[in-house]
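Summary of structural features
Here is how the chains run, residue by residue.
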Amino acid sequence: MSADSTPIHDILGVGIGPFGLGLAALSEPLDDVDAIFLDQRPEFRWHPGMMIEGSTIQVPFLADLVTMADPTSPYSFLNFLKERKRLYPFYIRESFYPLRAEFDEYCRWVAAQLETLRWNRRVVSVTRDDDVFTALAEVVDASGSILTTEIYRARHLVLGVGTQPVLPPALQGLGGGAADSPAAGRDGAVGLPVAGPLIHTADYLENREALLDSGAITIIGSGQSAAEIYRDLLDDAEDRGARLDWVTRSPRFFPMEYTKLTLEMTSPEYTDHFRALPDELRERVGREQRTLYKGISADLVDDIHDTLYRLSRGGRQLQTNLVSEAELETAEIDPISGEYLLGFRNTALDKTFTRRSGSVVAATGYKSQVPDFLSPLGDDIRLDSRGRLDVSRHYTINDEGTIHVLGGEEHTHGVTAPDLGFGPWRASVVLAAVTGREPYPIERTIAFQTFGVPADESDAVPDAALALDDSKEMSHA
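1. Some thoughts on the packing of aromatic side chains
- Under the criterion given, the structure shown has 18 aromatic pairs.
- Relative to Phe90, the ring of Phe61 lies with its centre 5.5 Å away and its plane at 85 degrees, an arrangement referred to as edge-to-face. In this pair, Phe61 is assigned in the loop between strand S2 (35–38) and helix H2 (77–83) and Phe90 in helix H3 (residues 87–93), connecting sequence segments 29 residues apart.
- For Phe61, a relative accessible area of 15% translates into the label buried.
- In textbook terms, an aromatic cluster arises when at least three aromatic residues are bridged by ring pairs, as seen for Trp46, Phe61, Phe77, Phe80, Phe90, Phe96, Phe103, Tyr106 and Trp109.
- Its guanidinium or amino end placed over the ring of Phe19, Arg426 lies 4.3 Å from that ring's centre, counting from NZ or CZ.

In structure tokens form, the structure reads like this:
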């Protein structure tokens with residue numbers, strides 16, 4: 001099909017993670033929105049490498065794909081439970097936090113109902129002619145081989161491509177993931193020992209047994225993923241006599257801060273404040289806020305300690321070490337033993353030490369990237385001084401406001417960017433830009449506190465008005 005004969009959609013979404021899927025679900029019932037969404041994967045999968053049995057998501061069930069924009073949507077998590085005949089068991093369970101595997105099942109349930117999703121489509125380029133974007137997509141099979149190409153056109157382009165796993169610089173030269181690890185590269189070397197897996201947490205489950213078989217495992221990094229993997233391995237590692245180390249450069253194994261006034265930072269008001277900060281200050285503040293969403297659930301911290309206490313009963317000496325304030329600086333493979341030699345520096349004392357390990361798990365997070373397929377658009381795409389997407393307050397990266405970003409704006413919008421519960425709010429903003437109306441009312445003020453500099457008293461609301469507001473509040477008490 002030629003470009004001229006291709007229908008022009010209102011929205012072309014590239015990437016179908018939870019945020020893209022949420023936008024697709026919220027777009028579906030709108031008569032004035034013609035949308036289509038592409039993804040190179042064969043189906044929806046949400047962190048498959050971290051589907052550890054019993055693990056839960058870290059936000060309440062209301063933070064599903066749609067509810068915070070449209071509580072009446074048929075694509076809500078509660079409706080999913082009702083259709084699965086699990087609503088009452090969920091109610092009796094009395095936990096706001098869904099199982100991670102069940103949340104993934106819910107997302108796949110939504111995806112199966114939407115006719116606007118196209119899987120196995122790898123977008124390779126996007127161009128623009130006047131106000132229309134044209135995307136060239138390769139249709140691929142399970143092996144990644146190209147079957148054919150397709151053309152898609154739309155007036156608005158939405159990027160939901162997500163983030164990519166990050167390895168520390170010291171590990172990047174050694175490979176990452178089982179297939180690309182040093183083990184894979186040394187299989188044919190006669191007489192040389194083979195190093196065990198060096199993986200990112202994204203590849204954990206498929207490498208779990210190989211990690212335990214390596215005899216010594218080092219988890220590098222902090223946060224929920226590191227803690228979940230440590231807890232998942234702890235009992236089996238002790239049973240098999242495998243050493244298990246957990247090393248982080250953080251000053252402690254900190255819990256996620258989850259008090260209610262702190263949670264107000266996932267608000268439109270705080271996003272306004274954060275987005276308006278000077279670039280360098282925003283970078284510093286962003287680094288300081290990582291404990292707000294990259295910490296460990298308090299229950300899991302306690303469970304780890306309880307497990308260590310249980311395993312050490314009777315004076316048993318455990319083969320595990322938890323080390324904080326230790327930054328990885330060097331890594332290499334011992335040519336004699338095949339072990340990883342990991343060089344750390346204690347950041348408080350400025351002293352170095354080395355640990356040997358049979359395998360390594362990098363719990364070092366993810367980062368956003370500028371997709372290669374945007375290259376043909378050249379200077380139409382706004383970039384910051386560090387080469388990252390310069391995302392406007394309303395989630396656009398071009399002057400016309402027709403290229404939208406979902407979830408890749410942590411550096412510009414702060415803690416709301418990765419938050420599942422804020423996804424529907426951002427989707428509502430995108431749909432308002434596309435339609436010229438608010439299909440889903442946008443709540444612009446939700447916080448009790450003021451972020452930044454409050455208004456001068458001379459600009460304050462008159463006392464009479466305040467009294468009126470107080471009387472209204474009293475009437476609702």
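That was the structure; now back to the text.
2. Considering the sheet that holds strand S10 (residues 243–247)
- With respect to topology, five strands assemble into an open sheet ordered S8-S15-S9-S10-S11, the strand pairing being parallel. Two strands close off the open sheet at either side, each with one partner strand: strand S8 (198–200) and strand S11 (320–323). Each neighbouring strand pair of the sheet contributes to a mean axis angle of 15 degrees, computed without reference to strand direction.
- Here strand S9 (residues 216–220) runs beside S10; their pairing, made up of five bridges, is parallel. Looking at the pairing, Ile220 lines up with Val247 of S10.
- Its contacts with the sheet place helix H8 (residues 224–240) against S9, S10, S11 and strand S15 (359–362), and it is angled at close to 160 degrees to S10.

3. Examining the pairing of strand S14 (residues 351–357)
- Across seven bridges, the pairing between strand S13 (residues 340–346) and S14 is antiparallel. Looking across to S14, one finds that Gly343 is bridged to Thr354.
- Linkage of S13 to S14, two consecutive antiparallel strands, is achieved through a turn of four residues, within which Asp350 is found at a positive phi near 55 degrees.

4. Quick look at the packing of helix H1 (residues 18–27) against helix H14 (residues 423–435)
- Where H1 meets H14, the axes come as close as 9 Å, and the angle between the chain directions of the two elements is 55 degrees. Taken as axis vectors, H1 and H14 run oblique relative to one another. Crossing angle aside, the handedness with which H1 passes H14 is right-handed. Contacts between H1 and H14 involve Phe19, Leu23, Leu26 and Ser27 from the former and Gly423, Pro424, Arg426, Ala427, Val430 and Leu431 from the latter.
- Counted by class, the contact of H1 with H14 contains seven nonpolar, two polar and one charged residues.

Cut-offs applied
Residues numbered from 1 in each chain as written. Predicted model: local features only at pLDDT ≥ 70, side-chain atom pairs only at ≥ 80, totals over all residues. Heavy atoms only, no water. Phe/Tyr/Trp six-rings, centres within 6.5 Å; stacked < 30°, edge-to-face > 60°. Helix = DSSP H or I, 4+ residues; strand = E, 2+ residues; numbered from the N terminus. Buried < 20%, exposed > 50% of the residue type's maximum accessible area, 1.4 Å probe, protein only. Lys NZ or Arg CZ within 6 Å of the ring centre and 35° of its normal. Pairing = 2+ DSSP bridges. Axes fitted to C-alpha atoms, helices over the stretch in contact; angles between N-to-C directions. Contact = heavy atoms within 4.5 Å. Parallel < 35°, antiparallel > 145°, perpendicular 65-115°, else oblique. Left-handed = near helix turned anticlockwise from the far one by under 90°. Nonpolar A, V, L, I, M, F, W, Y, C, P; charged D, E, K, R; others polar.

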